[in-house]
Amino acid sequence: MKQFADEAIIEVTSGKGGNGCVSFRREKYVPMGGPNGGDGGKGGDVIFCVKRNVKTLANIRFKRFFKAKNGGDGMGWNKYGKDGEDIVIAVPPGTAIRDAETKELIKEFTTESEDEQFVFLKGGNGGWGNVHFKSSTNQAPRTANKGQPGEYRKLLLELSIMADVGLVGFPNAGKSSLLDAFTNARPKIAPYPFTTKIPNLGVLRADSEQDVIIADIPGIIEGASEGAGLGIRFLKHISRTAGLLFMIDCSDENCLTAYKTLCDELEGFSKDLLAKPHIVLCNKIDIEGASENAAKIAEEIKKTEPETKVIPVSVAAHKGLNDVRIAILGLVGELSSWKDKKTEAKVKASSFMESRSVDEFMEEQFPGQDNSEQE
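Here is what the cut-offs are and how they apply
- Residues numbered from 1 in each chain as written.
- Predicted model: local features only at pLDDT ≥ 70, side-chain atom pairs only at ≥ 80, totals over all residues.
- Heavy atoms only, no water.
- Helix = DSSP H or I, 4+ residues; strand = E, 2+ residues; numbered from the N terminus.
- Buried < 20%, exposed > 50% of the residue type's maximum accessible area, 1.4 Å probe, protein only.
- Pairing = 2+ DSSP bridges.
- Axes fitted to C-alpha atoms, helices over the stretch in contact; angles between N-to-C directions.
- Expected span 1.5 Å × (residues − 1).
- Contact = heavy atoms within 4.5 Å.
- Parallel < 35°, antiparallel > 145°, perpendicular 65-115°, else oblique.
- Left-handed = near helix turned anticlockwise from the far one by under 90°.
- Nonpolar A, V, L, I, M, F, W, Y, C, P; charged D, E, K, R; others polar.
- Salt bridge = Lys/Arg side-chain N within 4 Å of Asp/Glu carboxyl O.
- Arc of directions from axis to C-beta.
- Core = buried A, V, L, I, M, F, W, Y, C linked by side-chain atoms within 4.5 Å.

Colleague: Which residues make up unusual backbone geometry, and what values go with them?
Modeller: A positive phi angle, near 70°, is found at Arg64, a position not held by glycine. Positionally, Arg64 belongs in the loop between helix H1 (58-61) and strand E3 (65-67). In this structure Arg64 comes out as partly exposed when scored by relative accessible area, which is 33%. The backbone of Asn78 shows a phi angle near 55°, a positive value even though the residue is not glycine. Within the element layout of this structure, Asn78 appears in the loop between E3 and strand E4 (87-91).

Colleague: Run through the sheet that holds strand E8 (residues 152-159), naming residues and quoting values.
Modeller: With mixed pairing, the five strands of this open sheet are ordered in space as E3-E1-E8-E5-E6. Two strands in the sheet have a free side with no partner beyond their single neighbour: E3 and strand E6 (105-108). For this sheet, the mean inter-axis angle between neighbouring strands, taken without regard to orientation, is 25°. The pairing of strand E5 (residues 95-99) with E8 spans five bridges and is classified as antiparallel. Paired with Thr95 across the bridge in E8 is Leu159.

Colleague: Could you give an account of helix H6 (residues 290-304), naming the residues involved and the relevant values?
Modeller: An ideal rise of 1.5 Å per residue puts 21 Å on 15 residues; H6 measures up with 22 Å between its terminal C-alpha atoms. In this fold, the buried residues of H6 make contact with strand E12 (243-249), helix H4 (255-269), strand E13 (278-283) and strand E14 (309-312).

Colleague: Please give an account of the packing of H4 against H6 that cites residues and values.
Modeller: Two elements in contact, H4 and H6, have axes whose closest approach is 9 Å; the angle formed by their N-to-C orientations is 40°. With respect to their mutual orientation, H4 and H6 come out oblique. The hand of the H4/H6 crossing is right-handed. Side by side, H4 and H6 meet where Cys255, Leu256 and Tyr259 of the first sit next to Asn293, Lys296, Ile297 and Ile301 of the second. A per-class count over the contact of H4 with H6 returns five nonpolar, one polar and one charged.

Colleague: Before we move on, can you summarise the sheet that holds strand E7 (residues 117-121) with the specific residues and values?
Modeller: Read from one edge of the open sheet, three strands run E4-E2-E7, paired in mixed fashion. Edge positions in the sheet fall to E4 and E7, since each of these pairs with one other strand and no more. Strand-to-strand twist of the sheet, defined as the mean angle between neighbouring strand axes without regard to direction, takes the value 30°. Two elements, strand E2 (residues 46-50) and E7, share four bridges in a ladder whose sense is antiparallel. Across the sheet, the residue bridging to Cys49 is Gln117, located in E7.

Colleague: Quick one: what's the story with the pattern of salt bridges, residue by residue and with numbers?
Modeller: By the definition in use, this model includes eight salt bridges. Residue Glu27 pairs with Arg25 through a salt bridge whose shortest N-O separation is 2.8 Å. A relative accessible area of 30% places Arg25 in the partly exposed class. Among the salt bridges present, the one from Lys284 reaches Asp249, with a minimum N-O distance of 3.2 Å. Of this pair, Lys284 sits in the loop between E13 and H6 while Asp249 is found in strand E12, placing the two residues 35 residues apart along the sequence.

Colleague: Give a detailed account of helix H2 (residues 175-182), specifying residues and quantitative values.
Modeller: The set of residues buried in H2 consists of Lys175, Ser176, Leu178, Leu179 and Phe182. The buried residues of H2 all sit within an arc of 160° when viewed along its axis, so they share a single face.

Colleague: Provide a residue-level description of the nonpolar core, including the pertinent values.
Modeller: Where a protein is soluble and globular, its nonpolar side chains tend to be buried together. Leu178, Phe182, Val212, Ile214, Leu245, Leu281 and Ile328 are the most contacted members of the largest nonpolar core, which totals 23 residues. Looking at this core, the elements that each hand over two or more residues are strand E9 (165-169), H2, strand E11 (211-216), E12, E13 and helix H7 (321-341). Residue contributions to this core peak at seven residues, all from H7. Contacts of Leu245, omitting those with residues within four sequence positions, involve Val165, Gly166, Leu167, Val168, Leu178, Ile279, Leu281 and Ile328. Counting residues in each nonpolar core, the second largest holds 22 residues, with Ile248, Leu273, Ala294 and Val310 among its members.

Right, dumping it as structure tokens:
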């Protein structure tokens, strides 16, 4: 779990500009050659860019201090100082940059394409050399400017993984099994709670033109919105999903109240989560009595949410999975069509889908295939 870094506090500093030079031309047979001090170089910038092969903030968390190079000082013979080298910080898609103290949002990387850069802090300008200060009344100026200082900021970086659909449910409800059945992700699966300790991503291949990214987060327990269990830390990872898949274990004794409890926890964390379109999956109907419970759950949900789809399934027995696949593709397709008709402001939550392209990296378990990382 320690390998999954979704928050990092860093300090960034842009480079100082180089100092201008005070110099005079000294050459045989050229008396009173005049000033020829060059300007200082510009300090390096602090730049953020999106890299799809970067999956977590681990590469940033353990470095913490990022400083661009200072500009070089000017020299004689009108030689300008060298510009300072920029510092480029690679972040995964879904990263938000905030001020570490005020928590003010500075930038969210949700629509940026690969390698698109955001210049956050500019380096200081280089100082003028004395060649700029010559005039008819001051032909031998002994004045040059110092380079401007760089800027410093302390930042909080937060990662919310980018996915089309998020899986929500209690521990051991079968979320990881569903992800394993639908995608090439290989999350850890075991017959005990909290086998999922980090978010997992998988890609559901619809056809040659459509893919759906599914996110599985650690199981939610009652009180998660107040800090209980692992849920409070990872609930933010489904905040940018277009829709949600609720999974209920219909063989559990508390299954009839499970959906309401899950809804309460999501609402307690953020009302925006509960407002997302969603589908309810009643899992483990192959177990005795579970199918009857699934029917009761569907009946109760239809009373208050007639538009919500409730699908009885058994992931272990591969029952109803095709219906789930069709429902997921339909959900994402409806949202994409709706988004095309609305302004960008009204669909900010799912705007990342405009430039999203799926590659082979997204087929791996997030952040890697090695299950030992979850121990």
